[in-house]
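Now for the letters of each chain:
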Amino acid sequence: MTESLLAVRGLTKHFVSGNETVPVIDKLSFTLGQGQSLALTGRSGSGKSTVLNLLCGLELPNAGTIVMHGQVFEAGGAATRQKAAAWATLRRQHIGVVFQEANLMPALSLLENVRFRAQLAGRDAANSEDWLTRLGIGELARRYPDQVSGGQRQRAALAMVFAMEPALILADEPTGSLDRHTADEVIQALFELQARYGCSLILATHDAELAAGCQQHLDLGHLSAL
């Protein structure tokens, strides 16, 4: 039986616009085991990015509970310094996030970006260049982000994530800004490395072909596991 890495129970989130309360997520519940993958699908505005933000502590829910990597985060009460510190530690050490646009520091080379992310997580940065090589851009290691293509930047972003040895990867439309051919190559690399190294993956996407590569699916438009 696969050990649970993440359990979400009754997760609810709304925003306030003027005098109006706008519901985004309503009583979302699911579990994710170690090494498993889950696709979050749904139309634009269905709350995919909001769920990812909740799962890494960048936003706080209005109701519900998140059990992540053995830590319990319950909604309600003030956003305490202790809770914020616990989320920050999880993000730094155990949660790798891949955005639609590669989140690289422009003043650092690709290799320096990977080394910095590994060191931030407390990992050995000695194999940082190896990760770039595994993702097919080892020869570009000493170039800066503005000296490579969008697809190459996104591969470097994946190298940063895997170099930190995460328990969970959150990928938010990671190929949304790429052409189809480049997108296919990047997502294939993501799936292959995620399966090889046994980390869990939550992929937010509107692309049915990308979602098909995940073991589980959750349509936020219907709030039901498929």
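Note that the coordinates shown come from a computational prediction; the quantities given were computed from them, not determined experimentally.

Visitor: Go over the pairing of strand E5 (residues 71–74), please, and point to the residues and values.
Guide: In terms of strand pairing, strand E4 (residues 63–68) meets E5 through 4 bridges, oriented antiparallel. Bridging from a neighbouring strand, Ile66 pairs with Phe73 of E5.

Visitor: Give me the lowdown on the packing of helix H5 (residues 150–163) against helix H6 (residues 180–197), citing residues and values where you can.
Guide: Helices that pack against each other are described as a pair by the angle of their axes relative to one another and the distance between those axes. Interhelical geometry of H5 versus H6 gives an angle of 10° and a closest axis separation of 10 Å. Relative to H6, H5 is oriented roughly parallel. Side by side, H5 and H6 meet where Gly151, Gln154, Arg155, Leu158 and Phe162 of the first sit next to Thr182, Glu185, Val186, Leu190, Leu193 and Gln194 of the second. Residues of the contact of H5 with H6, tallied by class, amount to 5 nonpolar, 4 polar and 2 charged.

Visitor: Outline the sheet that holds E5, listing residues and values.
Guide: The strand order across the open sheet formed by 4 strands is E2-E1-E4-E5, and the pairing between neighbours is antiparallel. The open sheet has two free edges, formed respectively by strand E2 (20–33) and E5, since each of these has just one partner strand. The average undirected angle you get between the axes of adjacent strands in this sheet is 20°. The strands that helix H1 (residues 48–55) touches are strand E1 (4–17), E2 and E4; relative to E1, the one it contacts most, it runs at about 120°.

Visitor: Describe the layout of surface pockets, and please don't skip the residues or the numbers.
Guide: Its boundaries defined by the atoms lining it, the largest pocket holds a volume of some 380 Å³. Forming the boundary of the largest pocket are 20 residues, of which Val97, Phe99, Asn103, Arg117 and Met160 lie nearest the centre. If you list the elements that add at least two residues to the lining of the largest pocket, you get helix H2 (81–93), strand E6 (95–98), helix H3 (110–120) and H5. Taken together, the residues of the lining of the largest pocket break down into 14 nonpolar, 3 polar and 3 charged.

Visitor: An account of the pairing of E2 is needed here, citing residue identities and associated values.
Guide: The two faces of the sheet receive side chains in turn, since in a regular strand these alternate between them. Examined bridge by bridge, E1 and E2 share 10 bridges and lie antiparallel to one another. Looking across to E2, one finds that His14 is bridged to Pro23. Taken together, E1 and the strand that follows it, E2, pair antiparallel across an intervening segment of 2 residues, in which Gly18 is found at a positive phi of about 65°.

Visitor: Give me the lowdown on empty space enclosed by the protein, citing residues and values where you can.
Guide: As enumerated under the stated definition, the model contains 1 cavity of 30 Å³ or more in all. Of the volumes computed, that of the largest cavity is approximately 30 Å³. In this structure, the largest cavity is lined by Leu52, Asn53, Val97, Phe99 and Asp172. Of the residues belonging to the lining of the largest cavity, the class tally is 3 nonpolar, 1 polar and 1 charged.

Visitor: Give me the lowdown on the pattern of salt bridges, citing residues and values where you can.
Guide: Taken as a whole and judged by the stated rule, the model has 6 salt bridges. A salt bridge links Glu129 to Arg142, with the nearest nitrogen and oxygen atoms 3.1 Å apart. One end of the pair, Glu129, is in helix H4 (residues 128–134); the other, Arg142, is in the loop between H4 and H5, and 13 residues separate them in sequence. Take Glu129: its relative accessible area is 28%, and that puts it in the partly exposed class. Between Asp184 and Arg180 there is a salt bridge, and its shortest N-O distance comes to 3.2 Å. Residue Asp184 and its partner Arg180 are located together in helix H6, separated by 4 residues, close to a single helical turn. According to the relative accessible area criterion, Asp184 is partly exposed, its value standing at 34%. On the basis of relative accessible area, Arg180 is assigned to the partly exposed category, the value being 38%. Each member of the salt-bridge network shares a partner with another, and the members are Arg180, Asp184, Asp207 and Glu209.

Visitor: Report on the packing of aromatic side chains, specifying residues and quantitative values.
Guide: All told, the structure shown has 3 aromatic pairs when counted by the stated rule. With centroids separated by 5.7 Å and ring planes inclined at 20°, the aromatic side chains of Trp131 and Phe162 adopt a geometry described as stacked. Residue Trp131 is found in helix H4, and its partner Phe162 is found in helix H5; the two are separated by 31 residues along the sequence. A relative accessible area of 6% means that Trp131 is categorised as buried. Taken together, the aromatic side chains of Trp131, Phe162 and Tyr197 make up a single cluster linked through ring pairs. For the cation-ring pair, Arg134 lies above Trp131, with the distance from its terminal atom to the ring centre recorded as 4.2 Å.

Criteria and thresholds
Residues numbered from 1 in each chain as written. Predicted model: local features only at pLDDT ≥ 70, side-chain atom pairs only at ≥ 80, totals over all residues. Heavy atoms only, no water. Pairing = 2+ DSSP bridges. Helix = DSSP H or I, 4+ residues; strand = E, 2+ residues; numbered from the N terminus. Axes fitted to C-alpha atoms, helices over the stretch in contact; angles between N-to-C directions. Parallel < 35°, antiparallel > 145°, perpendicular 65-115°, else oblique. Contact = heavy atoms within 4.5 Å. Nonpolar A, V, L, I, M, F, W, Y, C, P; charged D, E, K, R; others polar. 1 Å grid on protein atoms, 1.4 Å probe; cavity = no way out; pocket = protein on both sides within 12 Å on 5 of 7 lines; lining within 4 Å. Points joined across faces, edges and corners; volume = space filled by probe spheres on them. Salt bridge = Lys/Arg side-chain N within 4 Å of Asp/Glu carboxyl O. Buried < 20%, exposed > 50% of the residue type's maximum accessible area, 1.4 Å probe, protein only. Phe/Tyr/Trp six-rings, centres within 6.5 Å; stacked < 30°, edge-to-face > 60°. Lys NZ or Arg CZ within 6 Å of the ring centre and 35° of its normal.

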